[in-house]
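Residue strings, one per chain:
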Amino acid sequence: MDLILSGIDVLARWDVMLALLVGAIGGVAIGAIPGVGPAVAIAILLPATFSMDPIVGLTLLLGIYGSSMYGESIPAILINTPGTAVNALTTYDGFPMTLRGEGRRALSLAYSASFLGGIFSVVCLIFLSPVLAKIAPMFGSREIFLAALLGLVLVVVAHKGQMAIAAALAGFGILIGTVGLEPAAYTRRYTFDQSWLAGGFDLIVVVLGLFALSQAFLLLTMDDEKIRLPRSRGSLFQGFRELAKHPRVAGIAASFGVVMGMIPGVGEFTAQFMSYTSARRLSKNPKAFGHGSSEGLIASEAANNAVPAAAMIPLLALGIPGEALTAMMLSVFYV
Amino acid sequence: MDNSELLQVKTKTSGQVVFVVAGLALSLFLLSQIGSQTEWSERARNIGSQPRLWPAIALITMVLGFALHFWRMRRRRPNALDWVEARRWVEPLEYLVWFLIYVAAVPRLGFMPMSILFACALTYRLGYRQKPALAIAGAFAIAMVVLFKGLLGVNIPGAQIYEYLPDSIRTFFLVYL
């Protein structure tokens, strides 16, 4: 209880509140731009956060991380273009609703389900982190290694049908991590006598290159898209009422999000996929899935929005980032 | 329908064979260098602390992964669409060169002047050649510099060229521009 109160005390600071507000609104705006997404925004803002008070910088990034999941559903619903792959399944039911002229209803359902998924996940973070934190001191280097290995294995296993190439790329990731001066015997690895490689690859530089620059280069070579928005009706506030009619779908979806978020290397896409499949199997009207089903939209949005807070559980308790975005957060903790 | 559109319509796996072979070749090259690029330490307490262990695990995984994926591919000989896709991936490298020039020029010629020049030149290169587009690019560059260097205090080195400015304005340029 003391921890929760001290957390609220920190949140009440004006600079933290401002960072949260800017992060949350900015996250929705960034998420709504197809092809940009939170990874790019966080990668760009990462160097800027180093000059801030760590709690302010972290709050800003967490605001973006949490809210961008909903932001990404906006283009998925309105123009059938998911912000990133995370919202691919949102297009299945969101866009058919828009075509029927129910764009506002779909958006309302998306943010209601996102809200529920996010809150459920934060509650899990509050109650599960202390439990894991008690176990964390028992974790030595071997246990941390095994947890990281579990993450690597899951990354490979999650890519069904492409496991060989996933293993190869996981190996490439390990190789990049080994470049430079190794800490045990102080010998150089794969530096090719280049002094600038002696320090290895800096995490922030790699993150900027992988997420921000690569995406920028890709956007520079793509043609401009002409987008025509269809007319929309429905209330922006009817989502919560509809959500209340499907408590089981929403609950299962949020649970999938929390579990998948906690497991390193799995993340939003798998959570959304499993939640959607499960909702369709349990639904009384499975044929409506993919044709504008409110249950389908709730299943996908509640699941992917439950992941960010849950992904913070292994990061905060064990120091293991579950995915790229939490790895970026980890670099803020290091500063 | 041009080749790139055909590529999107016909297959989602175009270009794979080119990248898998390139990945396999790179992995084999790096594995062949393991003797000279890593050391086998006699002082290591156990196998886990051997400097060569993790690069070896990573590279063997890469070689096996790429080789297995290549072996399981339905089509192992690249066709025209594979090369179209590969070219699409190479095209953005032009902008990597632009970016490297920008990064090299900033500590010499200044963050603000180079950002304005870079944004306007890139906008022109992309085909937006009307005055309003160039003005927006310039304004964006100024806003970016003010936000990142002025307000957020991101540590970007002051330019060498600013050393030649009069004393009265030099510090301002070094700190904010």
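Each value, and the rule that gives it
Residues numbered from 1 in each chain as written. Chains lettered and ligands numbered in written order. Predicted model: local features only at pLDDT ≥ 70, side-chain atom pairs only at ≥ 80, totals over all residues. Helix = DSSP H or I, 4+ residues; strand = E, 2+ residues; numbered from the N terminus. Contact = placed C-beta atoms within 7 Å. Nonpolar A, V, L, I, M, F, W, Y, C, P; charged D, E, K, R; others polar. Axes fitted to C-alpha atoms, helices over the stretch in contact; angles between N-to-C directions. Parallel < 35°, antiparallel > 145°, perpendicular 65-115°, else oblique. Left-handed = near helix turned anticlockwise from the far one by under 90°. pLDDT = per-residue confidence, 0-100.

Undergrad: For this particular structure, what's the right way to read the environment of Gly65(B)?
TA: Residue placement: Gly65(B) occurs in helix α4 (residues 53–72). The sequence separation of Gly65(B) and Gly23(B) amounts to 42 residues, and the corresponding C-alpha distance is 9.7 Å. Other than its neighbours up to four places away in sequence, Gly65(B) contacts Ala164(A), Ile165(A), Ala167(A), Ala168(A) and Gly171(A).

Undergrad: Please clarify how the environment of Ser293(A) should be interpreted in this entry.
TA: All names here are of chain A. Topologically, Ser293 is positioned in the loop between α12 (268–282) and α13 (294–318). Residues Ser293 and Met97, spaced 196 residues apart in sequence, show a C-alpha to C-alpha distance of 7.9 Å. Residues within four places of Ser293 in sequence aside, it is in contact with Asp93 and Ala288.

Undergrad: What am I meant to see in the interface of chain B and chain A here?
TA: It is common to give the size of an interface as the accessible area that goes away when the parts come together. At the interface, 31 residues of chain B touch 25 residues of chain A. Going through the elements one at a time, α4 and α6 (93–109) of chain B are the ones with two or more residues in the side of chain B that touches chain A. Ranked by residues supplied to the side of chain B that touches chain A, first place goes to α4(B) with 12 residues. Across the side of chain B that touches chain A, the residue classes tally to 18 nonpolar, nine polar and four charged.

Undergrad: I tried to follow the packing of helix α4 (residues 54–79) of chain A against helix α5 (residues 88–99) of chain A on my own but got confused; where do I start?
TA: Pairs of packed helices are described in terms of their axes, by the angle between the two and the distance that separates them. Residues and elements named next belong to chain A. Interaxial distance between α4 and α5 falls to 6 Å at its minimum, and their mutual angle equals 50 degrees. The pairing of α4 with α5 is recorded here as oblique in orientation. The hand of the α4/α5 crossing is right-handed. Of the residues in α5, those in contact with Ser73, Ala76, Ile77 and Leu78 of α4 are Thr90, Thr91, Gly94, Phe95 and Thr98. Residues belonging to the contact of α4 with α5 are distributed by class as follows: four nonpolar, five polar and no charged.

Undergrad: When you look at the confidence of the model for chain B in this model, what are you seeing that I'm missing?
TA: Atom-level detail of predicted coordinates should not be read off regions where pLDDT is low. All names here are of chain B. Scored by pLDDT, chain B comes out at a mean of 85, with 93% of its residues at no less than 70. The low-confidence segment residues 4–9 (pLDDT under 50) makes seven contacts with residues lying over four places distant or belonging to another chain. Across the interfaces of the predicted complex, the ipTM metric reaches 0.79, alongside a pTM of 0.67.

Undergrad: Explain the packing of helix α6 (residues 103–135) of chain A against α13(A) here, please?
TA: All names here are of chain A. Taken N-terminus to C-terminus, the directions of α6 and α13 make an angle of 25 degrees; their axes are 7 Å apart at the nearest point. Judged by the angle between their axes, α6 and α13 are roughly parallel. When you trace α6 past α13, the crossing you get is right-handed. Taken together, the residues that form the contact of α6 with α13 break down as 24 nonpolar, seven polar and one charged.

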